[in-house]
Amino acid sequence: METSILIFLPLVAGLISFLLPDNRAKQFAFTAALAEFAYSLVLLLQFNPQETLAYSTSVPWVKSMGISFSVGMDGISILLVMLTTFLIPLIILSSFRRTFANSNYFYGLVLIMQSALVGVFVARDAFLFYVFWELALIPIYFIALIWGGENRKKITFKFFVYTLAGSLLMLVAIIYLYLQTPNGSFDINQFYAVGSTLSSTDQALVFFAFFLAFAIKMPIFPFHTWQPDTYTVTPAQGTMLLSGIMLKMGIYGVIRWILPLVPEAAHTYGMPAIILSVIGIIYASIIAIKQKDFKRLIAYVSIAHVGLIAAGIFTLGEESLQGGIIQMLSHGINVVGLFFVIDVLFDRTKTLELSSLGGIRNVAPFFTVTFIILLFSSIALPFTGGFPGEFLLFVGIFQYNPWIAAVAGVSVILGAVYMLSSFQKIMLGETNNLTSGFADLFTSEKLVLIPIIILIFWMGIYPETFLEISEPAVKALIKGTGASLSLK
């Protein structure tokens, strides 16, 4: 029941938002998102990481087809649910100084997307997972299409087609696995049992069907081409939803579905996936250095960061899986903060061209300090949120293959180059006509960034808070994967 409430509360609130007048939708959405966060926090405080599955519910949905509304949370799921419920109120709050036409629809779509995102992270039925996976795409498509910038129709169409094509292949794999179950079921445990006994060829086909869907969503090279344009054209709050939460769906999908479902294929084809991920890290980092638009630069930075997470996860080591999970949290928090900084920059100067900015530190000290902290966490300096996850990921990749770790490690240098260079261009030097009147952060803007900064230091100084929640679930996943391989 508890997990169901987390799904349906924002869904109902989103539908109510559609009926509200524009001037009340913003406050209502924020209140609903805060209530969702408060409830998820209560569940987290009562959560026992040693439990295999907590807050579970399973009721028949389409009984004749073996489809159930089956949901629940382990240590991995609950952390991603908390990431979602923590960020959504901040994303809504970040829009308080912005004006959207038909804002009741805008905030309604944000809340419905929250419902779908939570559903993806808690689904224990493959068909239900697919439904939430697709449902999450629809609100962000309309947010980008209706409230996006120049060329939004062409760009959102490409984004929609890319992700839909990947999803359809995943659906084919789901139907295939359903037909292999003895009783005709979409239950996740029955899928695990069936998947691990498939022949090598069948496992490979299932692996690639799921992998393509997840690789597009993350995205990793060469399935990333929709991402920079979509991030750039989507309104800031939409970009935060995409980068902060939605791309985690792909990484979570790999952990929850690919690794335990087809363990032999994950071992066999993990290396190509890692190589693609590392190519993406280097490629995106080099392209980021060349960017003149700050929002587009951060879009490429996101590809590089996600590439490192994907590479680590496919090594199948405990350190790298733990690192990948905490890095998902850190990346989500950092990137939402960075895209909000970008939104503030554009609000004040009407440009994101790096060459047009400069000198802002002279007139906006609070903004400068928060920007520096976000920047340091993005390049994973010790005691910031980006460090523990990146360290564990590199440890795991090094144990898997030192040469791959060495190549991926170049991203650390490249990351420092593009982030410090952009900071110099935006903040240092003398002010100009665009930046001389740059106002420091307003109260509502500080209320967005202060919780993010607190969490950055919390994760950097004491990551054990988060690692101990996911550790039992990660160990169970590795044990299950290894047991499946030994049975072959």
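No experiment lies behind these values; they were computed from the predicted model shown.

Draft legend 1. Geometry of the side chain of Glu-36. Positionally, Glu-36 belongs in helix 2 (residues 22–45). Comment: no salt bridge for buried Glu-36; closest opposite-charge side chain is Arg-256, at 17 Å.

Draft legend 2. A look at the pairing of strand 1 (residues 54–62). One ladder, built from 6 bridges, connects strand 1 with strand 2 (residues 67–73); its direction is antiparallel. Bridge assignment links Pro-60 to a residue of strand 2, and that residue is Ser-68.

Draft legend 3. Spatial organisation of the packing of helix 3 (residues 75–93) against helix 13 (residues 318–349). At a minimum axis separation of 10 Å, helix 3 and helix 13 run at an interaxial angle of 5°. In terms of their interaxial angle, helix 3 and helix 13 are classed as roughly parallel. On helix 13, the residues that touch Ile-76, Leu-79, Leu-80, Leu-83, Phe-86, Leu-87 and Ile-91 of helix 3 are Ile-325, Met-328, Leu-329, Gly-332, Ile-333 and Val-336.

Draft legend 4. Focus on the nonpolar core. If you look at the biggest cluster of nonpolar residues, it comprises 173 residues, and the most contacted ones within it are Phe-210, Phe-214, Ile-258 and Phe-367. It is helix 10 (residues 236–261) that contributes the most residues to this core, 16 residues altogether. Those residues in contact with Phe-214 that sit more than four places away from it in its chain are Phe-129, Trp-133, Met-170, Gly-250, Gly-253, Val-254, Trp-257 and Ile-258.

Draft legend 5. Region of interest: unusual backbone geometry. Following Met-218, the chain continues to Pro-219 via a peptide bond in cis, the omega torsion being -10°. Take Pro-219: it is sitting in the loop between helix 8 (200–217) and helix 9 (226–233). With omega at 0°, the peptide bond leading from Phe-221 into Pro-222 counts as cis. With respect to the element layout, Pro-222 can be found in the loop between helix 8 and helix 9. Phi at Asn-151 is positive, roughly 60°, even though this residue is not glycine. Mapping Asn-151 onto the fold places it in the loop between helix 5 (126–147) and helix 6 (152–180). Exposure remark for Asn-151: the relative accessible area of 51% places this residue in the exposed category. Despite not being glycine, Phe-383 shows a phi value in the positive range, around 75°. Residue position: Phe-383 is located in the loop between helix 14 (365–378) and helix 15 (386–400).

Draft legend 6. Representation of the pattern of salt bridges. Counting across every chain of the model gives 8 salt bridges. Put simply, Arg-97 and Glu-445 hold a salt bridge, and the shortest N to O gap is 3.6 Å. Taken together, the residues Arg-97 in the loop between helix 3 and helix 4 (103–122) and Glu-445 in helix 17 (residues 443–461) connect sequence positions 348 residues apart. Since its relative accessible area comes to 39%, Arg-97 is described here as partly exposed. Note on Glu-445: relative accessible area 2%, which makes it buried. In this structure, Asp-347 engages Arg-348 in a salt bridge whose closest nitrogen and oxygen atoms are separated by 3.1 Å.

Draft legend 7. How the structure looks around the packing of aromatic side chains. All told, the structure shown has 36 aromatic pairs when counted by the stated rule. Measuring from ring centre to ring centre gives 5.9 Å for Tyr-231 and Phe-339, while their planes differ by 85°; the resulting arrangement is edge-to-face. On the criterion of sequence distance, the pair formed by Tyr-231 in helix 9 and Phe-339 in helix 13 is long-range, its members being 108 residues apart. Exposure remark for Phe-339: the relative accessible area of 1% places this residue in the buried category. For the pair Phe-367 and Phe-371, a centre-to-centre distance of 6.3 Å together with 50° between the ring planes defines the contact as tilted. Taken together, the residues span about one helical turn, with Phe-367 and Phe-371 both in helix 14 at a distance of 4 residues. Its relative accessible area of 0% is what places Phe-371 among the buried residues. Here the aromatic cluster, defined as three or more aromatic residues joined through ring pairs, consists of Trp-61, Phe-127, Tyr-178, Phe-186 and Phe-191. Over the aromatic face of Phe-438 sits the side chain of Arg-348, whose NZ or CZ is 5.6 Å from the ring centroid. When the ring centre of Phe-366 is taken as origin, the NZ or CZ atom of Lys-446, which lies over that ring, is 4.7 Å away.

Draft legend 8. Examining the packing of helix 3 against helix 10 more closely. Viewed as axis vectors pointing N to C, helix 3 and helix 10 meet at an angle of 175°, and their least axial separation amounts to 10 Å. Classified by the interaxial angle, the pair formed by helix 3 and helix 10 is roughly antiparallel. Residues Ile-76, Ser-77, Leu-80, Leu-83, Thr-84, Leu-87, Ile-88 and Ile-91 of helix 3 form the contact with helix 10, whose own contacting residues are Gln-237, Met-240, Leu-241, Gly-244, Ile-245, Lys-248, Tyr-252, Ile-255 and Arg-256. For the contact of helix 3 with helix 10, a count of residues per class yields 11 nonpolar, 4 polar and 2 charged.

What counts, and where the lines are drawn
Residue numbering note: each chain is counted from 1, following its sequence as written. The model is predicted, so local features are restricted to residues of pLDDT at least 70 and side-chain atom pairs to those at 80 or more, both for listing and for counting; the totals for chains, interfaces and linings are taken over all residues. Excluded from the side-chain calculations are hydrogens and water; all other atoms, namely the structure's heavy atoms, are used. Here a helix means four or more residues in a row that DSSP labels H or I, a strand means two or more in a row labelled E, and each is numbered from the N terminus. Buried means the residue's accessible area, taken with a 1.4 Å probe over protein chains only, is under 20% of the maximum for its type, while exposed means over 50%, and partly exposed covers the values in between. Note that His is not counted, nor are the chain ends; the positive residues are Lys and Arg, and the negative ones are Asp and Glu. Each reported salt bridge corresponds to a side-chain nitrogen of Lys or Arg within 4 Å of a carboxyl oxygen of Asp or Glu. In short, DSSP must find at least two bridges between two strands for them to pair. Axis definition: a line fitted to C-alpha atoms, limited for helices to the stretch in contact. Angles are taken between N-to-C directions and run from 0 to 180 degrees. For classification, angles of less than 35 degrees are called roughly parallel, those exceeding 145 degrees roughly antiparallel, those between 65 and 115 degrees roughly perpendicular, and all remaining angles oblique. Here a residue-residue contact requires only that any non-hydrogen atoms of the pair lie within 4.5 Å. The criterion is simple. A nonpolar core is a set of buried Ala, Val, Leu, Ile, Met, Phe, Trp, Tyr and Cys residues joined through side-chain atoms within 4.5 Å. Note on aromatic pairs: the rings of Phe, Tyr and Trp (six-membered ring only in Trp) are paired at centre separations within 6.5 Å, and the planes decide the class, stacked below 30 degrees, edge-to-face beyond 60, tilted for the rest. In this scheme, Lys NZ or Arg CZ marks a charge over a ring once it lies within 6 Å of the ring centre and within 35 degrees of the ring normal. Here the nonpolar group is Ala, Val, Leu, Ile, Met, Phe, Trp, Tyr, Cys and Pro; Asp, Glu, Lys and Arg are the charged ones; every other residue, Gly included, is treated as polar.

Worth remembering: the numbers are spatial, not functional.
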